[in-house]
Amino acid sequence: MIQDEKRRLENELTVMGLPGLDDPALVQVMADIVNGYPMPGERVGFFCELLNECEGARRREMYEAMRPRLFFAVPSLAACEDMIAAKAERMIRPRGMPAPLKEEPFETRAVDMVCDACAKTERFEGLTTATARLEAHKAGWGRGLEAGTVFCASCRLETMPVKVYGESFTKRMHG
Ligand SMILES: [Zn+2]
């Protein structure tokens, strides 16, 4: 069933094609599809495969257009290109040859944040649960008004005095 879903998404993106890069709305739709890829651990791979459909300058253009819209830890363009090259190598390697030592480096972990104020949920991903949580904090999620509560970015902004928010922001930036 997941395989069918994967195939459906891949077909959708192929049909949309790359001319969509000029249309921000379509880029968002493409990003939504990548974000909604049924296997979180394969989203990076899926994204890299999409990049592989572009050549040269278009590839960077697509990367830059989509990256800010993706909700998971996106590797650098160079790292994506390494993954593409590694995959191509695996495909041409004859059966029975030993696999390269480097294993899939971009397995991700997901953390679902739930806002205690507005009940909004948002999923964050990272190489580890800790980095996924870090992504949530970067996106503004954090402690709510009472101990043990978690607020989304907009609820924190609404409920916290600007000064307090600024201080905690500064603290975050300096570890
Ligand atoms: Zn909220």
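Cut-off values and rules
- Residues numbered from 1 in each chain as written.
- Predicted model: local features only at pLDDT ≥ 70, side-chain atom pairs only at ≥ 80, totals over all residues.
- Heavy atoms only, no water.
- Core = buried A, V, L, I, M, F, W, Y, C linked by side-chain atoms within 4.5 Å.
- Buried < 20%, exposed > 50% of the residue type's maximum accessible area, 1.4 Å probe, protein only.
- Helix = DSSP H or I, 4+ residues; strand = E, 2+ residues; numbered from the N terminus.
- Contact = heavy atoms within 4.5 Å.
- Donors = N, O, S within 2.8 Å, 3.2 Å for Na, K, Ca; no water.
- Tetrahedral: all angles 85-135°; square planar, octahedral: opposite > 155°, others 65-115°.
- pLDDT = per-residue confidence, 0-100.
- Pairing = 2+ DSSP bridges.
- Polar contact = N/O pair within 3.5 Å; in protein donor to acceptor, adjacent residues only side chain to side chain.
- Expected span 1.5 Å × (residues − 1).
- Arc of directions from axis to C-beta.

J.: How do you make sense of the nonpolar core when you look at a structure like this?
T.: As a rule of thumb, nonpolar side chains are buried together in soluble globular proteins. Core analysis: the biggest nonpolar cluster contains 23 residues, and Val34, Phe47, Leu51, Met66 and Leu70 have the highest contact counts within it. Where this core is concerned, the elements lending two or more residues are α2 (24-35), α3 (43-52), α4 (56-66) and α5 (77-92). Leave out the neighbours within four places in its chain, and Leu70 touches Ala31, Val34, Asn35 and Phe47. Among the nonpolar cores identified, the runner-up in size contains ten residues, and Ala132, Ala136, Trp141 and Phe151 belong to it.

J.: Before we go on, may I ask you to explain the coordination of the zinc ion in this structure?
T.: Octahedral metals with six donors have ideal donor angles of 90 or 180 degrees. Tetrahedral metals with four donors have an ideal donor angle of 109.5 degrees. Coordination of the zinc ion by the protein is provided by Cys115 (SG), Cys118 (SG), Cys152 (SG) and Cys155 (SG), with metal-donor distances spanning 2.3 Å. The coordination sphere of the zinc ion comprises four donor atoms, whose angles at the metal cover 105 to 113 degrees; the geometry is tetrahedral. All donors to the zinc ion come from one chain, and their sequence spacing reads C-x2-C-x33-C-x2-C. One end of the pair, Cys118, is in the loop between β1 (109-114) and β2 (121-126); the other, Cys152, is in the loop between β4 (150-151) and α7 (153-159), and 34 residues separate them in sequence. Accessibility expressed as a relative area gives 39% for Cys118, which makes it partly exposed.

J.: Can you help me understand the confidence of the model for the protein chain in this one?
T.: For residues with low pLDDT, the predicted coordinates do not support detailed interpretation. The predicted model of the protein chain averages 78 in pLDDT, with 72% of residues at 70 or higher. Within the protein chain, the lowest mean pLDDT, 49, falls on helix α8 (residues 162-173), and the highest, 92, falls on β4.

J.: Would you take a moment to explain the pairing of β2 for this structure?
T.: A regular strand places its side chains on the two faces of the sheet in alternate fashion. Here β1 pairs with β2 via six bridges, running antiparallel. Opposite Ala110, over in β2, you have Glu125 as the bridge partner. In sequence, β1 turns back onto β2 through a hairpin of six residues, with Ala119 there showing a positive phi of about 70 degrees.

J.: What is the right way to look at the environment of Arg59 in this model?
T.: Its location among the elements puts Arg59 in helix α4. A relative accessible area of 16% places Arg59 in the buried class. In the structure, Arg59 is positioned 18 residues away from Leu77 in sequence and 8.8 Å away in space, judged by C-alpha atoms. Not counting the four nearest positions on each side in its chain, Arg59 is found in contact with Leu51, Asn52, Cys54, Leu77, Glu81 and Ile84.

J.: Quick question: what am I supposed to make of the side chain of Arg59 here?
T.: In terms of polar contacts, Arg59 uses its side chain to reach the backbone carbonyl oxygen of Leu51, at 3.2 Å. At 3.1 Å, the side chain of Arg59 and the side chain of Glu81 are in polar contact.

J.: What exactly am I supposed to notice about α5 here?
T.: An α-helical turn contains 3.6 residues, so any two residues separated by three or four positions project in the same direction. Here α5 contains 16 residues, and its C-alpha end-to-end distance of 23 Å stays within 8% of the 22 Å for a straight helix at 1.5 Å per residue. Turning to α5, its buried residues are Leu77, Ala79, Cys80, Met83 and Ile84. Relative to the axis of α5, the buried residues are bounded by an arc of 165 degrees and lie together on one face.

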